[in-house]
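# Descriptive structure summary
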Amino acid sequence: MTDLSLLNQVTAFINTEADMLDFQEYNEWLGLWSDTGVYVVPVDPKETDFANTLNYAYDKAEMRRLRVNRLLSGEAVSTQTTDKTVRGLSRFRILEDSDSHVTVRCAMYLSECRHGNLKSYPADVTYKLARTGNDFQIEEKVVRLQNADAYLSSIGYIL
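Under an unreviewed UniProt entry, the name given to the chain is 3-phenylpropionate/cinnamic acid dioxygenase, small subunit, and the organism recorded is Amphritea atlantica. UniProt's Pathway (unreviewed entry) comment on the chain is quoted here verbatim: "Aromatic compound metabolism." UniProt lists a comment for the chain under the heading Sequence similarities (unreviewed entry), and it reads "Belongs to the bacterial ring-hydroxylating dioxygenase beta subunit family."

And the structure:
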């Protein structure tokens with residue numbers, strides 16, 4: 001049986017992260033991560049050995065900071081035409097629960113508006129969250145895009 005209180009807590013945390021990304025609160029978003037956290041967008045959505053395979057993103061702390069700096073500075077050309085992103089999250093499921101970590105999987109449907117064109121990126125997202133008192137920090141976020149093996153136009157934001 002699922003602990004509904006825990007499910008509500010992790011759902012609220014993950015929804016807050018999505019809201020920060022949609023409203024480009026990138027510096028605040030960095031504060032959600034542990035120092036050892038890894039952000040992964042694998043090319044092959046079935047892959048599990050992220051360190052030894054090709055990924056669209058494999059960001060540890062320094063690379064996340066550099067990515068945020070690029071997005072905020074306007075140096076990322078692909079971000080200059082993205083008007084807005086909206087993430088819809090659903091189907092939250094706790095996969096593992098221990099004293100130190102909670103692993104959660106959910107569905108994400110991300111829409112972007114670029115040059116007046118609406119594009120969507122459905123994905124399964126898995127979070128490994130470290131418990132920090134009454135809150136969490138992201139230890140690992142893996143975004144498995146449904147169309148990852150197809151042609152992807154330049155994505156100039158954080159999934």
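So, next bit.
## Comments concerning the side chain of glutamate 139
Note that glutamate 139 resides in strand β6 (residues 135–145). Of the side chains with opposite charge, lysine 128 comes closest to the buried, unpaired glutamate 139, at an N-O distance of 6.1 Å. Beyond its immediate chain neighbours, meaning those up to four positions away, glutamate 139 contacts Ser34, Thr36, Gly37, Val38, His101, Lys128 and Ala130.

## Points about the pattern of salt bridges
The tally for this structure, following the rule as stated, stands at 6 salt bridges. Between glutamate 17 and lysine 141 there is a salt bridge, and its shortest N-O distance comes to 2.9 Å. Placement of glutamate 17 in helix α1 (residues 4–22) and of lysine 141 in strand β6 is noted, with a sequence separation of 124 residues between them. One exposure class covers both glutamate 17 and lysine 141, and it is buried. The salt bridge partner of arginine 91 is aspartate 124, with a shortest N-O separation of 2.6 Å. Here aspartate 124 lies in strand β5 (residues 117–132) and arginine 91 lies in strand β3 (residues 82–97), a separation of 33 residues in the sequence. Note on arginine 91: relative accessible area 49%, which makes it partly exposed.

## So, the nonpolar core
In this structure, Trp29, Val143 and Leu159 are the most contacted members of the largest nonpolar core, which totals 38 residues. Of all the secondary structure elements, the ones that give two or more residues to this core are α1, α2 (26–30), β1 (33–42), α3 (61–73), β3, β4 (101–114), β5 and β6. Among the elements that line this core, the one with the most residues is α1, at 8 residues.

How each quantity is defined
- Residues numbered from 1 in each chain as written.
- Predicted model: local features only at pLDDT ≥ 70, side-chain atom pairs only at ≥ 80, totals over all residues.
- Heavy atoms only, no water.
- UniProt positions renumbered as here; feature names shortened; annotations may be inferred.
- Helix = DSSP H or I, 4+ residues; strand = E, 2+ residues; numbered from the N terminus.
- Buried < 20%, exposed > 50% of the residue type's maximum accessible area, 1.4 Å probe, protein only.
- Lys, Arg positive; Asp, Glu negative; His and termini not counted.
- Salt bridge = Lys/Arg side-chain N within 4 Å of Asp/Glu carboxyl O.
- Contact = heavy atoms within 4.5 Å.
- Core = buried A, V, L, I, M, F, W, Y, C linked by side-chain atoms within 4.5 Å.

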